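# Observations on chain architecture
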Amino acid sequence: MKRIAIFASGDGSNAEAIARYFASSDKICVKCVLSNRQNARVHDRMSAIGISSITFSKASWQSATEIVEYLDQEQIDLIVLAGFMSKIEPPIISAYNGRIINIHPSLLPRHGGPGMWGRHVHEAVISSGDSQSGITIHYVTEEIDGGEIIFQASCDVASDDTPETLAEKIHELEHRYFPKVIEHLLQ
Ligand code: GRF
């Protein structure tokens, strides 16, 4: 059995889509969700489907030792960042080098890097007049949004799209493709 740990800080719709996709698999499972926010909705979503979710303190994320020990103890094969709003410290990246992936809500390298998350990305896409946006799944390195791209999928940006309507289109792509890309990587 390949074991996934998801890091999430917010709503957790991707974490839920991934967990549900693998719920009946005998080859891949979501072992746990790690968070930096105690009141994030992802905890409620995980509790409803019986997956352990734990909040680690800011100090634990910064020192990374406790996080790496926990992941090692859980024998995690792949770390999936799904709306994780904190820096991944170098000790975690080196311990799990090539085994950490992130999803970004634009077609990188467009609209990536520091400060480009959530609504900020969709606003930038619309104000740039881009006719297409999409999702990028990539390996995590120390450079924010800079790791090797694994997969992209695109959607049209309509002239009347708002950050909210674009976010809906992007979430739909994320939920459709993220679990399948993870499955492909772990097979
Ligand atoms: C997603 O749009 C993802 O691309 C970005 O954060 C968002 C998380 O959404 N990294 P959710 O919490 O999974 O609903």
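Okay, the site of the ligand next. Close to the ligand lie Asp11, Gly12, Ser13, Asn14, Gly83, Ile103, His104, Pro105, His171 and Glu174. Ile103 is positioned with one of its backbone polar atoms (N or O) 2.9 Å from a nitrogen atom of the ligand. Within the side chain of His171, a nitrogen or oxygen atom sits 3.1 Å from an oxygen atom of the ligand. Every element with two or more residues in the shell around the ligand is listed here: helix H1 (13–22), strand S5 (100–104) and helix H7 (163–186). Here the shell around the ligand is built from residues that sort into two nonpolar, six polar and two charged. Two domains each put at least three residues into the shell around the ligand: domain 1 (1–97) and domain 2 (104–187).

Here we take up the state of the cysteines. Following the criterion strictly, the structure yields zero disulfides and no others. Of all cysteine sulfurs in the structure, the one in Cys32 sits closest to Cys29, which takes part in no disulfide; the separation is 9.0 Å. Taking relative accessible area as the criterion, Cys32 reaches 1% and is therefore assigned buried.

Scanning all chains against the criterion turns up 13 salt bridges. Residue Asp26 is joined to Lys27 by a salt bridge in which the shortest nitrogen-to-oxygen separation is 3.8 Å. On the basis of relative accessible area, Lys27 is assigned to the exposed category, the value being 55%. Salt-bridge contacts for Lys31 lead to Glu74; the nearest nitrogen and oxygen are separated by 3.1 Å. Placement of Lys31 in strand S2 (residues 28–35) and of Glu74 in the loop between helix H4 (65–73) and strand S4 (78–81) is noted, with a sequence separation of 43 residues between them. Exposure remark for Lys31: the relative accessible area of 29% places this residue in the partly exposed category.

Turning next to the domain arrangement of the chain. Here the chain is partitioned into domain 1 (1–97) and domain 2 (104–187). Taking only C-alpha atoms into account, the centre of domain 1 sits 20 Å from that of domain 2. The interface of domain 1 with domain 2 comprises 17 residues on the first partner and 13 residues on the second. The largest share of the area that domain 1 buries against domain 2 comes from Asn14, Tyr21 and Ile93, three residues that together contribute 31% of it. If you look at where domain 1 meets domain 2, you find four residue pairs in polar contact (both at pLDDT 80 or more). Every element with two or more residues in the side of domain 1 that touches domain 2 is listed here: strand S1 (2–7), H1, S4 and helix H5 (90–95). No other element matches H1, which puts six residues into the side of domain 1 that touches domain 2.

Rules of the game
- Residues numbered from 1 in each chain as written.
- Predicted model: local features only at pLDDT ≥ 70, side-chain atom pairs only at ≥ 80, totals over all residues.
- Heavy atoms only, no water.
- Near = heavy atom within 4 Å.
- Polar contact = N/O pair within 3.5 Å; in protein donor to acceptor, adjacent residues only side chain to side chain.
- Helix = DSSP H or I, 4+ residues; strand = E, 2+ residues; numbered from the N terminus.
- Nonpolar A, V, L, I, M, F, W, Y, C, P; charged D, E, K, R; others polar.
- Domains from an automatic or database assignment.
- Disulfide = S-S within 2.5 Å.
- Buried < 20%, exposed > 50% of the residue type's maximum accessible area, 1.4 Å probe, protein only.
- Salt bridge = Lys/Arg side-chain N within 4 Å of Asp/Glu carboxyl O.
- Contact = heavy atoms within 4.5 Å.
- Buried area = accessible area lost by both parts, 1.4 Å probe.

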